[in-house]
Amino acid sequence: VSGGSRNISPMVSFLLGAAVATVCVLFFMSASPGRSLVDVAAWSHNNGTAAQHHHLRSVADDLDAEYRLACDPRSLGRTCAAAVLQAASPYGDLEEVLARAATADRTVIMTQINAAWTKPGSLLDLFFESFRTGEGGVARLLDHLVIVTMDPAAYAGCQLVHPHCYFLRTTGVDYRGEKFFMSKDYLEMMWGRNKFQQTILQLGYNFLFTDVDVMWFRDPFKHISMGADIAISSDVFMGDPYSLGNFPNGGFLFVRSCNKTIEFYRHWQAGRYRFFGKHEQDVFNLIKHEMTDRLGVAIQFLDTTYISGFCQLSRDLNKICTLHANCCVGLGAKLHDLRNVLDVWRNYTAAPVPDKRAGKFQWKVPGICIH
């Protein structure tokens, strides 16, 4: 009997040891599935082939990616604490793009495009040309421009012409074609844009959003008050920049990142359902009194002498900074009138200073929309 015990004990010891090792490995795998498979592969390297090791690492990478996707960063500390150091950003490369483009005070300029607006000779080309023919070094602001693209074709086109492109992945809407004013897809696009702007604020960046049918001739930042939490362009400007009686246009909008403006955006988003069927600009107009009273948000309405549009056209080319093809429906109409605008602007910038000061240059009116 004693001889049998001596023969069995080493076997029992081996089995117990193997069991303990297996439990430890499985416990480690449960804490971090992706990483643990890599460690297991390394641990068994001497007993396996290189091909097996490579396979295990591939599986580990796949599991690690799935683990990151399953862990919503907003729930970190509750259900995904083990993934804090390796969790991927839910915004993909957005934060990297913003960091590259931002000014020292964390301000970015943004526009949003789809494939219909990026074709050669389309609005993006006119947009860039306005910067390049502008005065006062406005072209340098392109270094701080982030172009948000709504479909793969627009993203690919953006990467050919600009360093700061971001692909905003969405579901349920085909963003490649022109979206007609107040159509279902148009409303989805406008409210999606609004939600994305809220994300930028939550990431700690100020932004100046500009529609791509805004021509930039001079630096508009000098006309944005340091005391404004929100500065928005005007379809109709009544003379007092802080009067809530002005009519806003969200196609040119500056917002500072702070608790007040983030809360403003939450209420703005909620207004989509309070005032069902209205676009974000109308909802802004409906909540502006309530939100300034409740949150103390300072809203500046920009003077159309400087930040102008087709709705209320500035005719002083010596003062104008930007010109928006608002109050104009249809891509073809916008292209026609903005090409004429740029023709006049090129003639203006090439003229002698005395001719400029004499006010000899005027927009070509009437056009399809401009008047």
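An unreviewed UniProt entry annotates the chain as Nucleotide-diphospho-sugar transferase domain-containing protein of Aegilops tauschii subsp. strangulata.

Novice: Just to check I follow, could you spell out the state of the cysteines for this structure?
Specialist: Here a disulfide denotes a covalent bond joining the sulfur atom of one cysteine to the sulfur atom of another. This model, assessed by the stated rule, comprises three disulfides. A sulfur-sulfur separation of 2.0 Å characterises the disulfide bridge that pairs Cys 158 with Cys 165. Because the torsion about its S-S bond is -85°, the bridge between Cys 158 and Cys 165 counts as left-handed. The pair formed by Cys 158 and Cys 165 is uniform in burial state, with each residue classed as buried. Paired by a disulfide, Cys 328 and Cys 369 hold their sulfur atoms 2.0 Å apart. Its torsion about the S-S bond being 70°, the disulfide of Cys 328 and Cys 369 is classed as right-handed. Here the residue Cys 328 occupies a position in the loop between strand S10 (322–324) and helix H10 (331–350), and Cys 369 occupies one in the segment after helix H11 (353–357), the gap between them amounting to 41 residues.

Novice: Looking at this structure, I do not really get the packing of helix H5 (residues 123–132) against H10. What am I missing?
Specialist: Describing two packed helices takes the angle between their axes plus the distance from one axis to the other. Between H5 and H10, whose axes approach to 10 Å, the crossing angle comes to 20°. Judged on the interaxial angle alone, H10 and H5 are roughly parallel. Considering the relative orientation of H5 and H10, their crossing is left-handed. On H10, the residues that touch Leu 123, Leu 126, Glu 129 and Ser 130 of H5 are Leu 331, Leu 335, Leu 338, Arg 339, Leu 342 and Arg 346.

Novice: Explanation requested: the environment of Gln 300 in the structure shown.
Specialist: Checked against the element boundaries, Gln 300 lands in strand S8 (residues 299–301). C-alpha of Gln 300 to C-alpha of Pro 248: the two residues are 52 residues apart in sequence and 9.8 Å apart in space. Gln 300 has contacts with His 223, Ile 224, Ser 225, Ala 228, Ile 230, Ala 231, Ile 232, Pro 241 and Tyr 242, leaving out every residue within four places of it along the chain. A polar contact is formed between the side chain of Gln 300 and the backbone oxygen of His 223, at a distance of 3.0 Å.

Novice: Please clarify how the pairing of strand S1 (residues 107–113) should be interpreted in this entry.
Specialist: Looking down a regular strand, the side chains alternate between one sheet face and the other. Counting buried positions along S1 gives seven out of seven residues, so the element sits mostly inside the fold. Side-chain alternation along S1 places Thr 107, Ile 109, Thr 111 and Ile 113 on one buried face and Val 108, Met 110 and Gln 112 on a second face that is also buried. Bridge analysis of S1 against strand S4 (residues 206–210) gives four bridges, and the strand direction is parallel. Residue pairing in the sheet places Val 108 in a bridge with Phe 207 of S4. Pairing analysis gives five bridges linking S1 to strand S2 (residues 145–149), with the strands arranged parallel. Within S2, the position partnered with Ile 113 by the bridge is Thr 149. In this region the chain leaves S1, passes through H5 and returns to the parallel neighbour S2; the handedness of that crossover is right-handed.

Rules and cut-offs
- Residues numbered from 1 in each chain as written.
- Predicted model: local features only at pLDDT ≥ 70, side-chain atom pairs only at ≥ 80, totals over all residues.
- Heavy atoms only, no water.
- Disulfide = S-S within 2.5 Å.
- Buried < 20%, exposed > 50% of the residue type's maximum accessible area, 1.4 Å probe, protein only.
- Helix = DSSP H or I, 4+ residues; strand = E, 2+ residues; numbered from the N terminus.
- Axes fitted to C-alpha atoms, helices over the stretch in contact; angles between N-to-C directions.
- Parallel < 35°, antiparallel > 145°, perpendicular 65-115°, else oblique.
- Left-handed = near helix turned anticlockwise from the far one by under 90°.
- Contact = heavy atoms within 4.5 Å.
- Polar contact = N/O pair within 3.5 Å; in protein donor to acceptor, adjacent residues only side chain to side chain.
- Pairing = 2+ DSSP bridges.
- Right-handed = clockwise from strand over helix to strand, strands pointing away.

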